[in-house]
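Coordinate inspection notes
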Amino acid sequence: MKDSPRLWSLVAQLDSNEPKERLDAAYRLGSERDQRAIPHLIRVLRNHDESPMVRGQVAESLKSYRKKKTIKALVDCSGDASAEVRFWCVFSLGTFVRRRKTPLVVVRALEDRLGDTDSPDDRGNWWPVGLEALAMLQRYKKSRFPIEQVFKQTILRVMREPLNHSHRWRWADCYWDDALAGSLPEGRMLYETALRQIREAGFEPISFH
């Protein structure tokens, strides 16, 4: 395999004394897609002395590496003490979900997080881990739980009453599909009405602040 100075430079940067440099390396290694980076990323993900921000970025970057050892690390860390780490493990595990032939260990790990009400607060304005797990599972048709029904009911509730569900709005906005309302025109009208309600209340829809 051809050597890659850039790859090894980024791997070395994972051990920088500067948190921002470690975060940058974790982010950039997600786009390298060089499997030689996997053990180094997993090492950082499992390192509880590392900051949740860096570990969360590593978890997000691991979605680019579709290997069994990647799944195992993400599953193991999906129950981490840090909501930041749990959230991004759930997000990355979602890339392994298919209507059929989804690894059962992935399904069970996501199901285990459905009741997780904590939200990451280190990067961006995100939503509860459990909502992310619900969104990731809604493509899977063989869950032990009525995921599709719960997902639809939850997201419609937010769209119909956005001011009463501000902590869920960004999630709903991210995963909304007009077809969920029954028809595309009805869905578009529901979405635009929700935006208008938010703006008339003096908030910006992108952040609800």
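Located above this text is the structure these notes cover.
Residues numbered from 1 in each chain as written. Predicted model: local features only at pLDDT ≥ 70, side-chain atom pairs only at ≥ 80, totals over all residues. Heavy atoms only, no water.

Quick look at the overall build of the chain
Across its full length, the chain holds 11 helices and zero strands. For the chain, the α and β elements follow one another from N to C terminus as α-α-α-α-α-α-α-α-α-α-α. Radius of gyration (C-alpha) of the chain: 19 Å, near the 17 Å computed for a compact globule of 209 residues. Referenced to the eigenvectors of the C-alpha coordinate spread, the extents of the chain come out at roughly 55 × 40 × 30 Å. Buried residues in the chain amount to 49% of all 209 residues. Within the chain, contacts between residues at least 6 apart in sequence are counted, and of these 61% link residues at least 24 apart. Counting only carbon and sulfur atoms, one obtains 50% of the accessible surface of the chain, whose full area is about 11,100 Å². Averaging the coordinates of the 36 positive side-chain charges in the chain and doing the same for the 29 negative ones gives two points 8 Å apart. (Helix = DSSP H or I, 4+ residues; strand = E, 2+ residues; numbered from the N terminus. Rg over C-alpha atoms; globule rule 2.2 N^0.38 Å. Buried < 20%, exposed > 50% of the residue type's maximum accessible area, 1.4 Å probe, protein only. Contact = heavy atoms within 4.5 Å. Areas by Shrake-Rupley, 256 points an atom, 1.4 Å probe, with all protein chains shown as cover. Lys, Arg positive; Asp, Glu negative; His and termini not counted. Charge placed at Lys NZ, Arg CZ, Asp CG, Glu CD.)

Focus on the pattern of salt bridges
Taken as a whole and assessed by the stated rule, the structure comprises 15 salt bridges. Salt-bridge contacts for Arg86 lead to Asp116; the nearest nitrogen and oxygen are separated by 2.6 Å. Of the two residues, Arg86 sits in helix α6 (residues 83–93) while Asp116 sits in the loop between α7 (104–112) and α8 (129–137), which places them 30 residues apart along the sequence. Each member of the pair, Arg86 together with Asp116, is buried. (Salt bridge = Lys/Arg side-chain N within 4 Å of Asp/Glu carboxyl O.)

Some thoughts on helix α11 (residues 184–200)
An ideal rise of 1.5 Å per residue puts 24 Å on 17 residues; α11 measures up with 24 Å between its terminal C-alpha atoms. For α11, the elements touching its buried residues are α9 (147–160) and α10 (166–175). Its side-chain oxygen at 3.2 Å from the backbone nitrogen of Glu186, Ser183 defines the N-terminal cap of α11. Where α11 terminates, the next one or two residues include Gly202, which has phi positive at roughly 90°. (Expected span 1.5 Å × (residues − 1). Polar contact = N/O pair within 3.5 Å; in protein donor to acceptor, adjacent residues only side chain to side chain.)

Details of the nonpolar core
The tendency in soluble globular proteins is for nonpolar side chains to be buried as a group. Formed by 64 residues in total, the largest nonpolar core has its most connected members in Leu45, Trp169, Trp171 and Trp176. A total of seven residues in this core trace back to one element, the largest contributor, which is α8. Once residues lying within four places of it in the same chain are set aside, the contact partners of Trp171 are Trp127, Leu131, Glu132, Leu134, Ala135, Phe151, Thr154 and Ile155. (Core = buried A, V, L, I, M, F, W, Y, C linked by side-chain atoms within 4.5 Å.)

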